[in-house]
Amino acid sequence: MIITRFAPSPTGFLHIGGVRTALFNWLYARNNSGKFLLRIEDTDRERSSNEAIEKIIDGLKWLGLENDGEIVYQHKNEKRHIEVAHMLLESGFAYRDWELEDDFGNLEKAHAIRFKIPDDEETIVNDKVQGDVVIQNKEIEDFVLLRSNGTPTYMLSVVVDDYDMNISDIIRGDDHLTNAAKQKLIYDSLKWDCPTFSHIPLIHGQDGSKLSKRHGSLGIEYYKEEGYLPEAIINYLLRLGWSHGDQEIFSLEEMINYFSIEKIRKSPSKFDIEKLNDINSIYLKNSSFESLIARIDTSYSNLTKDKIKSISIVMPEVLKRYKNIKDIKKNISFITNKRPIKIDKDVTNLINGESISCLEKLSKILKKLDKWDANEIEQTIKKFLKDEELNFKDIGLPLRVVLVGFLSPIGINTIIESLGKDEVLGRIEDIIK
């Protein structure tokens, strides 16, 4: 059976590169009717935190990448790791090192166990993405298995845990490629079957440098808070280094059916936040109105039918302009906000004696309208501007501020129609008073 794993270290946030690694492991397992497991590599107890662990678990759950078994916490397997180190020591594949360098380069007496690298040989890592990677053993130093304080190192722990978890395929970033040779030597020494390796190229920034916060490499919770849909993130990350012809948008079923290691490219991918925005926009536009409302704010399920209808009037225009839920929510909030409307400080200068006088005149005309729709409102405002010899901005800008609270780019006719006659007249009256 195909069994993959995602093994993050809980010393920081779950970044976008880690999510893609988890995604590829999850898809490969699903494509092969296998299992996807989660292991928290928390042997660094000082730097690991429960908060980071919770964010990793919650982030994967939000993305729909849930694991198929109990979560493995690496630090709980320490006795097993130590046991295997002594197995290697007893079989002659490891040795005790009595002298180690301290942080200042001075030799001090210490006890550690090192793996003994075979002389005059080479190690071949069969990689499904990189091909056969040949590493000369003389280029590998005897690495530590157990530190002088008796704790196991990552290099040992990861091999033992992968073996005990029956991991068949290791899919991870190619920054681990140099570790693969060392880990294969441990497998071979223990006469354990070595998992299949697939080292995927890392994600870079638009400038070709290592992905960092300035490129948008932030914790997955950031993207959630900013209003990105999990399915849009998954779709975008799938296309970073993998392709299926020219297809850009995939259903979850298509992702699982089409995914294969052979389609992963060898060259690094570039993270493009604008491309992510575009894909997120596509998913938003393809969402049903009901599901979109629920995602914008769970409390919206308690809104009256009139409020829901008002939101449905502005939503098409909002979706044309904005590409994430956070911005959408901000620009429909004027519908759910209660009177008197709070006006942003930077636009209060638009409300003055002259503009209030114009609004009062317009209000009396709007009050007489029998038909309340965008076309009728547009014609009424045009006639008012002509009769008063005004430019549109003379009334349009202050009217937006009065009705919305800020200079919303949504068409003024749409705003007026969505709010309804009583609410529009009431908000203008609030300012006049």
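In this text, all values refer to a predicted model and were calculated from it rather than measured experimentally. (Residues numbered from 1 in each chain as written. Predicted model: local features only at pLDDT ≥ 70, side-chain atom pairs only at ≥ 80, totals over all residues. Heavy atoms only, no water.)

Participant: Would you mind showing me how to read the overall build of the protein here?
Facilitator: When helices and strands are counted, the protein shows 17 helices and 12 strands. The globule rule puts the C-alpha radius of gyration for 433 residues at 22 Å, and the 30 Å found for the protein is more than 25% above it. In terms of overall dimensions, the protein has a C-alpha envelope of 100 × 50 × 40 Å along the principal axes. When the 433 residues of the protein are sorted by exposure, 48% land in the buried category. Residue pairs in contact within the protein that sit at least 24 positions apart in sequence constitute 72% of those at least 6 positions apart. Split by element, the accessible area of the protein, about 22,100 Å² in all, is 47% carbon and sulfur. Measuring between centres, the 61 positive side-chain charges of the protein sit 7 Å from its 71 negative side-chain charges. (Helix = DSSP H or I, 4+ residues; strand = E, 2+ residues; numbered from the N terminus. Rg over C-alpha atoms; globule rule 2.2 N^0.38 Å. Buried < 20%, exposed > 50% of the residue type's maximum accessible area, 1.4 Å probe, protein only. Contact = heavy atoms within 4.5 Å. Areas by Shrake-Rupley, 256 points an atom, 1.4 Å probe, with all protein chains shown as cover. Lys, Arg positive; Asp, Glu negative; His and termini not counted. Charge placed at Lys NZ, Arg CZ, Asp CG, Glu CD.)

Participant: Please clarify how the pairing of strand S6 (residues 122-127) should be interpreted in this entry.
Facilitator: Regular strands place their side chains on alternate faces of the sheet. Across the two faces of S6 the burial differs, with Thr123, Val125 and Asp127 buried and Glu122, Ile124 and Asn126 not buried at all. Relative to strand S7 (residues 131-136), S6 is paired through 6 bridges, and the arrangement is antiparallel. Across the sheet, residue Thr123 finds its bridge partner in S7, namely Ile135. Between S6 and S7, which follow one another and run antiparallel, lie 3 residues. (Pairing = 2+ DSSP bridges.)

Participant: Please explain the packing of helix H3 (residues 78-90) against helix H4 (residues 154-164) as it appears in this structure.
Facilitator: For any two helices packed against each other, one specifies the crossing angle of their axes together with the interaxial distance. Close contact between H3 and H4 brings their axes to 9 Å; oriented N to C, the two are set at 105°. In terms of their interaxial angle, H3 and H4 are classed as roughly perpendicular. Contacts from Arg80, His81, Val84, Ala85 and Leu88 in H3 reach Leu156, Ser157, Val160, Asp161, Tyr163 and Asp164 in H4. Among the residues making up the contact of H3 with H4, the classes are represented as 6 nonpolar, 2 polar and 3 charged. (Axes fitted to C-alpha atoms, helices over the stretch in contact; angles between N-to-C directions. Parallel < 35°, antiparallel > 145°, perpendicular 65-115°, else oblique. Nonpolar A, V, L, I, M, F, W, Y, C, P; charged D, E, K, R; others polar.)

Participant: How should I be thinking about the sheet that holds strand S3 (residues 72-73) in this particular structure?
Facilitator: Pairing in this open sheet of 3 strands is parallel, and the strands run S1-S2-S3 from one edge to the other. Across the chains shown, the open sheet's two edge strands, defined by having one partner strand only, are strand S1 (3-6) and S3. The pairing of S1 with strand S2 (residues 35-40) spans 4 bridges and is parallel. Bridged to Thr4 within S2 is Phe36.

Participant: Got a minute to help me understand a negative patch on the surface in this structure?
Facilitator: On the surface, a cluster of negative charge is made up of Asp119, Asp120, Glu121 and Glu122. By the element assignment, Glu121 lies in the loop between strand S5 (107-115) and S6. (Patch = residues over 30% accessible without salt bridge, like charges linked within 9 Å, V, L, I, M, F, W, Y side chains within 5 Å. Salt bridge = Lys/Arg side-chain N within 4 Å of Asp/Glu carboxyl O.)

Participant: It is not clear to me how helix H2 (residues 50-63) should be interpreted in this structure. Could you clarify?
Facilitator: Taking 1.5 Å of rise per residue, the 14 residues of H2 would be expected to cover 20 Å, and the 20 Å separating its terminal C-alpha atoms lies within 8% of that figure. For H2, the full list of buried residues reads Ala52, Ile53, Ile56, Gly59, Leu60 and Leu63. Summarising the axial view, the buried residues of H2 lie within an arc of 135°, below the 170-degree limit, and thus occupy one face. Pointing more than 90 degrees away from the buried face of H2 are the exposed residues Asn50, Glu51 and Lys61. Those residues of H2 hidden inside the fold are in contact with S1, helix H1 (16-31), S2, S3, helix H6 (220-225) and helix H7 (230-238). (Expected span 1.5 Å × (residues − 1). Arc of directions from axis to C-beta.)

Participant: Looking at this structure, how should I read the packing of aromatic side chains?
Facilitator: Under the criterion given, the structure shown has 10 aromatic pairs. Taken together, a centroid distance of 3.8 Å and an interplanar angle of 5° make the contact between Tyr163 and Trp192 stacked. Of this pair, Tyr163 sits in helix H4 while Trp192 sits in the loop between helix H5 (177-190) and strand S10 (196-200), placing them 29 residues apart in sequence. A residue is classified by how much of its surface remains accessible, and Tyr163, at 34% relative accessible area, is partly exposed. Relative to Phe271, the ring of Tyr236 lies with its centre 5.7 Å away and its plane at 75°, an arrangement referred to as edge-to-face. Note that Tyr236 is positioned in helix H7 and Phe271 in the loop between strand S12 (269-270) and helix H9 (273-285), a separation of 35 residues in sequence. You can call Tyr236 buried: its relative accessible area is 4%. Among the aromatic residues, ring-to-ring pairing joins Phe24, Trp242, Phe250, Tyr258 and Phe259 into one connected group. Above the ring of Phe406, the side-chain terminus of Lys330 is found at 5.4 Å from the ring centroid. (Phe/Tyr/Trp six-rings, centres within 6.5 Å; stacked < 30°, edge-to-face > 60°. Lys NZ or Arg CZ within 6 Å of the ring centre and 35° of its normal.)

Participant: Any chance you could explain helix H15 (residues 392-404) here in plain terms?
Facilitator: Think of an α-helix as 3.6 residues a turn; residues three or four steps apart then line up on the same face. The first and last C-alpha atoms of H15 sit 17 Å apart over 13 residues, in line with the 18 Å expected at 1.5 Å per residue. Contacts made by the buried residues of H15 are with helix H12 (325-336), helix H13 (353-367), helix H14 (374-388), helix H16 (412-419) and helix H17 (421-432). Two residues or fewer past H15, Gly405 is found with a positive phi of approximately 105°.

Participant: Would you mind showing me how to read unusual backbone geometry here?
Facilitator: A negative phi angle characterises most non-glycine residues, just as the trans form characterises most peptide bonds. At the junction of Arg339 and Pro340, the peptide bond is cis and its omega measures out at -5° in the coordinates. Structurally, Pro340 is set in the loop between H12 and H13. Positive phi outside glycine occurs at Ser33, with the angle close to 55°. Tracing the backbone through its elements, the reader meets Ser33 in the loop between H1 and S2. Note on Ser33: relative accessible area 65%, which makes it exposed. Not every positive phi belongs to a glycine, and Lys191 is a case in point at roughly 60°. Assignment of secondary structure puts Lys191 in the loop between H5 and S10. The class of Lys191 is exposed, set by a relative accessible area of 71%.

Participant: Where do I start with the side chain of Asn324 in this structure?
Facilitator: As for its placement among the helices and strands, Asn324 is situated in the loop between helix H11 (305-321) and H12. Overall, Asn324 belongs to the buried group, its relative accessible area being 9%. Polar side-chain contacts of Asn324 include one of 3.1 Å to the backbone nitrogen of Lys326. A polar contact is formed between the side chain of Asn324 and the backbone nitrogen of Asp327, at a distance of 2.8 Å. With residues near it in sequence (within four places) discarded, Asn324 still touches Glu226, Gly227, Tyr228, Asn280 and Leu284. (Polar contact = N/O pair within 3.5 Å; in protein donor to acceptor, adjacent residues only side chain to side chain.)

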